[in-house]
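Close look at the chain arrangement
As a plain string of letters, each chain reads:
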Amino acid sequence: MTYTLLIGNNFISNSPKKIKFYDKLLFSLNEKNENNIPQISVNIINSANKSIIEINENNCKYCDNSLIKKRDDADHILITEETGEIMFESRVLDKNTILVSGIFPIDEQQKLIATQNYIILPSGKWIMHDRIDSNNKDIVITNDGIKLSN
């Protein structure tokens, strides 16, 4: 079964594996459970180099006490700040589509923000409406857009 990743209104089809911003891993995907739904794994570290969110194959293993875990199901994880801003969300829309949004720190000062409508790069550039066939490979997000990793 192949799946599509929907991130910031960008469609990445044909089962992408690792999603990176240049060489920084944002999250990884695979499809190996009894429900045949896409599985996400992510470790989000804040600017102080402290882990604040850890998800392993759709299971939230850790959520910092400063954050609010609103949903924690295999098909929908939603973690927000106290103000309501989404820090991380993964939602399986159907067995073939997973939607991911959140705030992904790149280093101490930069972050990539993926909303349901667009991706905001650390440079401030927006990316939306890209369509790419991952061909079951890794994907890299750059200032030039979304493409297959080398």
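Attention here is on the structure that accompanies the text. Note that the structure is a prediction, hence the values are computed from the model and not measured. (Residues numbered from 1 in each chain as written. Predicted model: local features only at pLDDT ≥ 70, side-chain atom pairs only at ≥ 80, totals over all residues. Heavy atoms only, no water.)

Examining the packing of aromatic side chains
Taken as a whole and assessed by the stated rule, the structure comprises 4 aromatic pairs. On the basis of an interplanar angle of 15° and a centroid distance of 4.0 Å, the ring pair of Y118 and W126 is categorised as stacked. Overall, Y118 belongs to the partly exposed group, its relative accessible area being 22%. Members of the aromatic cluster, each reached through a chain of ring pairs, are F27, F88 and F104. Positioned over the ring face of F11 is R131, at 4.3 Å from the centre of the ring. (Phe/Tyr/Trp six-rings, centres within 6.5 Å; stacked < 30°, edge-to-face > 60°. Buried < 20%, exposed > 50% of the residue type's maximum accessible area, 1.4 Å probe, protein only. Lys NZ or Arg CZ within 6 Å of the ring centre and 35° of its normal.)

Looking at the pattern of salt bridges
Should the charged atoms of two oppositely charged side chains come close, the side chains can pair. One pass over the structure, following the stated rule, counts 4 salt bridges. Of the charged contacts, one joins D64 and K50 as a salt bridge, the two residues approaching to 2.4 Å between their closest N and O atoms. Placement of D64 in the loop between β7 (59–63) and β8 (68–73) and of K50 in the loop between β5 (39–45) and β6 (51–56) is noted, with a sequence separation of 14 residues between them. Assessed through its relative accessible area of 10%, D64 is described here as buried. (Salt bridge = Lys/Arg side-chain N within 4 Å of Asp/Glu carboxyl O. Helix = DSSP H or I, 4+ residues; strand = E, 2+ residues; numbered from the N terminus.)

Considering the sheet that holds strand β3 (residues 18–21)
Overall, mixed pairing links the 7 strands, which are arranged β7-β6-β5-β4-β3-β16-β17 in an open sheet. Both edges of this open sheet fall to β7 and β17 (145–148), since each of them pairs with a single strand only. Mean inter-strand twist for the sheet, computed between neighbouring axes without regard to direction, equals 20°. Sheet analysis places β6 next to β7, joined by 4 bridges and oriented antiparallel. When the bridges of β7 are listed, I53 appears paired with C63. (Pairing = 2+ DSSP bridges. Axes fitted to C-alpha atoms, helices over the stretch in contact; angles between N-to-C directions.)

A few points about the pairing of β5
Of all 7 residues making up β5, 5 are buried, and the element is well covered by its neighbours. Here strand β4 (residues 24–30) pairs with β5 via 3 bridges, running antiparallel. Directly across from N30, in β5, lies its bridge partner Q39. Between the antiparallel neighbours β5 and β6 lie 5 residues, among them N49 with a positive phi of about 65°.

Considerations on the environment of N136
Mapped onto the secondary structure, N136 falls in the loop between β15 (131–133) and β16 (139–142). N136 sits in the partly exposed class, given a relative accessible area of 42%. Sequence spacing of N136 and L148 is 12 residues, and the spatial spacing of their C-alpha atoms is 9.8 Å. Residues in contact with N136, not counting those within four places in the same chain, are N14, S15 and K17. (Contact = heavy atoms within 4.5 Å.)

Quick look at unusual backbone geometry
Its identity as a non-glycine residue notwithstanding, S15 has a phi of 55°, on the positive side. Relative to the helices and strands, S15 is located in the loop between β2 (10–13) and β3. The phi dihedral of E57 is positive, around 50°, even though this residue is not glycine. In this fold, E57 is placed in the loop between β6 and β7. For E57, a relative accessible area of 25% gives the class partly exposed.

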